[in-house]
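# Architecture and fold: a report
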Amino acid sequence: LSEGYLRKRLKHCADLQKGPGGEMWWLMRCNFRIPSEEELRRMVTPENVCTYESMQAGLHHLKHMGVNKLTHPSALGTAMNQLPDEAIALAAASH
């Protein structure tokens, strides 16, 4: 995860602290409250969980086929060219 992404996600609940040696850490704001399990269950739907688990399964399959890093959608063709022929045939047969 990039530093900018973390800052964007954490800025509403934590402050970035810098130490004298240049080290940095996040400190939870005193007015921020971590939601209870019941509140989290209301916020995260079963569909959210299914979407997340499907994404994780797809990532596992990509890694298993040898795709370790895909940083830009236009690089998909390049990534496909790096796959073994059997993986491409298997993917084509599943559609």
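For the structure, check the block above.
Computed from a predicted structure; not experimentally measured.

## Digging into the overall build of the chain
Within the chain, the regular secondary structure consists of five helices and two strands. In sequence order, the secondary structure elements of the chain are arranged as α-β-β-α-α-α-α. For the chain, the residues scored as buried account for 7% of the 95 residues in total. Taking the intrachain contacts of the chain between residues at least 6 apart in sequence as the baseline, contacts between residues at least 24 apart amount to 0%.

## Topic: the environment of Ile-34
Take Ile-34: it is sitting in the loop between β2 (24-28) and α2 (37-43). Between the C-alpha atom of Ile-34 and that of Cys-13, which follows or precedes it by 21 residues, the distance is 9.2 Å.

## Looking at a nonpolar patch on the surface
Together, Leu-40, Met-43, Val-44 and Val-49 line one region of the surface with nonpolar side chains, adding up to about 320 Å² of accessible area. Position of Val-44 relative to the elements: it lies in the loop between α2 and α3 (46-64). When its relative accessible area of 41% is taken as the criterion, Val-44 is described as partly exposed.

## Concerning the pairing of strand β1 (residues 14-18)
Here is the key point about a regular strand: its side chains alternate between the two faces of the sheet. With five bridges joining them, β1 and β2 adopt antiparallel strand pairing. Pairing of Gln-17 across the sheet is with Trp-25, part of β2. Counting the residues in the hairpin turn of β1 and β2 gives five residues, including Gly-22, whose phi is positive at 90°.

## Digging into the pattern of salt bridges
Side-chain pairing between opposite charges can occur once the charged atoms of the two side chains come close. As enumerated under the stated definition, the model contains five salt bridges in all. Linking Arg-29 and Asp-15 is a salt bridge whose minimum nitrogen-to-oxygen distance equals 2.9 Å. Residue Arg-29 is found in the loop between β2 and α2, and its partner Asp-15 is found in strand β1; the two are separated by 14 residues along the sequence. A relative accessible area of 30% places Asp-15 in the partly exposed class.

## Side note on α3
Between its first and last C-alpha, α3 extends 27 Å over 19 residues, near the 27 Å set by a 1.5 Å rise per residue. Looking at the residues trailing α3, positive phi occurs at Gly-66, about 105°.

The rules behind the values
- Residues numbered from 1 in each chain as written.
- Predicted model: local features only at pLDDT ≥ 70, side-chain atom pairs only at ≥ 80, totals over all residues.
- Heavy atoms only, no water.
- Helix = DSSP H or I, 4+ residues; strand = E, 2+ residues; numbered from the N terminus.
- Buried < 20%, exposed > 50% of the residue type's maximum accessible area, 1.4 Å probe, protein only.
- Contact = heavy atoms within 4.5 Å.
- Patch = residues over 30% accessible without salt bridge, like charges linked within 9 Å, V, L, I, M, F, W, Y side chains within 5 Å.
- Areas by Shrake-Rupley, 256 points an atom, 1.4 Å probe, with all protein chains shown as cover.
- Salt bridge = Lys/Arg side-chain N within 4 Å of Asp/Glu carboxyl O.
- Pairing = 2+ DSSP bridges.
- Expected span 1.5 Å × (residues − 1).

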